[in-house]
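Tertiary structure, described
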Amino acid sequence: MKKLVLMGGLALSLLASSLFAADKPLRLGIEAAYPPFAFKQADGALAGFDVEIGAALCAEMKVECQWVEQEFDGLIPSLKVKKVDAVLSSMTITEDRRKSVDFTGKYYYSPARLAMKAGSEVSADFSSLKGKRIAVQRSTTTDRFATEVLGPKGIEVVRYSSQNEIYLDLVSGRVDGTLADAIPLDEGFLKTEQGKGFAFVGPDFNDPHYFGEGAGIAVRKGDKALLDKLNAAILAIRANGEYQKIQSKYFSFDIYGD
């Protein structure tokens, strides 16, 4: 009887713990300097595709969203030390990152592209870029590709904390080009007044070894409960039209991909 009482108490304790956890805000790590996916409005409020997708997922899971801003290279460390519960910040799913975190399925896909002065030519072997200064955001897939593939060809790889810093130096001529995800590069720079005179050059960069399988939401290793909830919520907002409604505010094409 004591065992039954003890087991019953334990079950109630676990249930209470689970209910308490469900009542807590879901802390989502994000870098708020990556338009149109995440940026600050004039009043300081967060906005962008990632932010609205996060809000839709939280609404579907019936939890409160709490955004925690961080530079991109600090997002996974913050997740691992439990400062955030998940990272929703256009983070590409790669095998290298899977060593540290677990990922949901993708919620969008973007190849990488190189942007330089309009009319610049890029040879297939990248030899035309020798001696050029190509900017990348630190700790991104493009950083890894540039380090391992472009650097050995005599191309100077210049690393920055954010793409916004890169755009300023690209316009001022401190760097010759930037390699980044094509969609934010196009929407957040090339189509803006700041990006006049610049264009995509060279090929799409989509080697899965470097550029992964699309952007996913990262959770701590082994957090299957949260992972399953997020995956179910992604499927739900795509099925009920909420994803498409958000997408249409930012893009004129299907960002999800095949």
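Look up a bit, the structure's there.
Residues numbered from 1 in each chain as written. Predicted model: local features only at pLDDT ≥ 70, side-chain atom pairs only at ≥ 80, totals over all residues. Heavy atoms only, no water.

**Comments concerning unusual backbone geometry**
The line we're drawing: Helix and strand definitions here come from DSSP, where helices need a minimum of 4 consecutive H or I residues and strands a minimum of 2 consecutive E residues; each element is numbered from the N-terminal end.
At the junction of P35 and P36, the peptide bond is cis and its omega measures out at 5 degrees in the coordinates. Here P36 is to be found in the loop between β1 (26–30) and β2 (39–40). Despite not being glycine, F126 has its phi angle at roughly 65 degrees, a positive value. One can find F126 in the loop between β7 (112–117) and β8 (133–137).

**A short note on the packing of helix α2 (residues 49–61) against helix α9 (residues 224–239)**
Stated formally: To obtain an axis, a line is fitted to C-alpha atoms, over the contacting stretch when the element is a helix, and the angle between two such axes runs from 0 to 180 degrees between their N-to-C directions. Angles are sorted into four bins: roughly parallel if under 35 degrees, roughly antiparallel if over 145, roughly perpendicular if 65 to 115, and oblique for all others. Contacts are assigned to residue pairs that have any heavy atoms within 4.5 Å of one another. For this scheme, ten residues count as nonpolar: Ala, Val, Leu, Ile, Met, Phe, Trp, Tyr, Cys and Pro. Four count as charged, namely Asp, Glu, Lys and Arg, and the remainder, Gly too, count as polar.
For the pair α2 and α9, the least separation of the axes is 9 Å and the interaxial angle reads 105 degrees. By the angle between their axes, α2 is roughly perpendicular relative to α9. In this structure, α2 contributes I53, A56, L57, E60 and M61 to the contact, and α9 contributes K229, L230, A233, I234, A236 and I237. Tallied by class, residues from the contact of α2 with α9 come to 9 nonpolar, no polar and 2 charged.

**Digging into the pattern of salt bridges**
Stated formally: We define a salt bridge as a contact between a side-chain nitrogen of Lys or Arg and a carboxyl oxygen of Asp or Glu at a distance within 4 Å. Burial here depends on accessible area, computed with a 1.4 Å probe over protein chains only, as a share of the maximum for the residue type. Under 20% is buried, over 50% is exposed, and the range in between is partly exposed.
Scanning the entire structure with this criterion turns up 18 salt bridges. A salt bridge links K99 to D96, with the nearest nitrogen and oxygen atoms 3.7 Å apart. Residue D96 is classed as partly exposed on the basis of its relative accessible area, which comes to 39%. Linking D102 and K221 is a salt bridge whose minimum nitrogen-to-oxygen distance equals 3.2 Å.

**Notes on helix α5 (residues 141–150)**
Across the 10 residues that make up α5, a large majority, 7, are buried. Within the sequence span of α5, burial applies to T141, T142, D143, F145, A146, V149 and L150.

**Thoughts on the nonpolar core**
Stated precisely, the cut-off is as follows: Working definition of a nonpolar core: buried Ala, Val, Leu, Ile, Met, Phe, Trp, Tyr and Cys residues. They are joined through side-chain atoms within 4.5 Å.
Among the nonpolar cores identified, the biggest contains 30 residues, and F49 and Y108 are the most heavily contacted of them. Within the residue set of this core, elements represented by two or more residues are β1, α2, β5 (86–92), β12 (215–220), α9 and α10 (242–250). Aside from chain neighbours lying at most four places away, what touches F49 is P36, F37, Y107, Y108, Y243, I246, Q247, Y250, F251 and I255. By size, the runner-up hydrophobic cluster in this structure holds 19 residues, among which are L114, V157, L179 and Y210.

**As for the side chain of E31**
Looking at where E31 falls in the secondary structure, it is placed in the loop between β1 and β2. Those residues in contact with E31 that sit more than four places away from it in its chain are A38, Q70, E71, F72, L75, S89, Q137, S161 and S162.

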